[in-house]
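Architecture and fold: a report
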Amino acid sequence: MSKKEQGGIVLQKKHIVIGIIAAVVIIVTAVLAGMKLSRGQQQDTFTPDLEQGTSAWSGDQLPDKSADSGEAVGIKIPGYPSISLPANQQTVQVALLNPEGNPCYFTFELVLSDTDEVLYTSKQVPPGQMIEEITLTRPLEAGQYTAPLRIPPASLQDGSTMNGANVETILDVQ
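Every chain is numbered independently, its residues counted from 1 as its sequence is written. The predicted nature of this model means local features are confined to residues of pLDDT at least 70 and side-chain atom pairs, given and counted, to a pLDDT of 80 or more, with totals for whole chains, interfaces and linings taken over all residues. Side-chain metrics in this entry use all non-hydrogen atoms of the structure; hydrogen atoms and water are not considered.

Quick word on the confidence of the model for the chain
Defined as follows: pLDDT is defined as a per-residue confidence score from the predictor, taking values between 0 and 100. Only heavy atoms matter for contacts: two residues are in contact if any of them lie within 4.5 Å across the pair.
On average, residues of the chain carry a pLDDT of 84, and 82% of them reach 70 or more. Low pLDDT, under 50, characterises residues 61–72; the predicted model gives this stretch 28 contacts beyond four residues in sequence or across chains.

A look at the sheet that holds strand β9 (residues 129–135)
This is how the line gets drawn: One requirement defines pairing of two strands: DSSP has to find at least two bridges between them. Strands here are runs of E lasting at least two residues and helices are runs of H or I lasting at least four, both read from the DSSP assignment and numbered beginning at the N terminus.
Strand order across the open sheet formed by three strands is β1-β9-β5, with antiparallel pairing between neighbours. The sheet terminates laterally at β1 (55–56) and β5 (91–98), the two strands that pair on one side only. Of the strand pairs in this sheet, β1 and β9 are connected by two bridges, and their pairing is antiparallel. What sits directly across from Ser-55, in β9, is Met-130.

Here we look at unusual backbone geometry
Put simply, the rule is: Only protein chains enter the accessibility calculation, which uses a 1.4 Å probe. A residue is then buried if its area is under 20% of the maximum for its type, exposed if over 50%, and partly exposed in between.
Positive phi, normally seen in glycine, also occurs at Asn-88, with a value near 60 degrees. Looking at the element boundaries, Asn-88 is found in the loop between β4 (82–85) and β5. The exposure class of Asn-88 is exposed, given its relative accessible area of 54%. In the Ramachandran plot, Asp-116 falls in the positive-phi region, its phi being about 65 degrees despite a non-glycine side chain. Structurally, the position occupied by Asp-116 is in the loop between β7 (109–111) and β8 (118–121).

Right, dumping it as structure tokens:
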């Protein structure tokens, strides 16, 4: 009497292959679902890298209040037509502001136009806060330097990059 006649199960090669394929599909699906869940949890646990030593903005410390401009998404970028710095000093007083009500953190990066040398990069500054003292990568000699202030905003919710600005400024070093 054969196994078929005895009521037993006979596995053929195609049944084994189908079983292996089904197991692989289940495993891959589980791994992908786990990765998606892990990414979702990482977004929920966003912690900004905040600049230390910022202070609340009092409203009268902005170099040129009339230079504020709102973008379509409601991000206010302060204008800095010129920034005065003392010559031959690395630690200098500068008011770098993220205006109150912005939906984002600001990071400030001061760059020399001629050489693309980064003179200063801040950590994230919350809305309504300002940096009052920065340490340059090196002291500057007296003179005038074209130096855009790059401001890449990051979302308050998840830290994602938002539309930023390059504010053209002149460093007046005396």
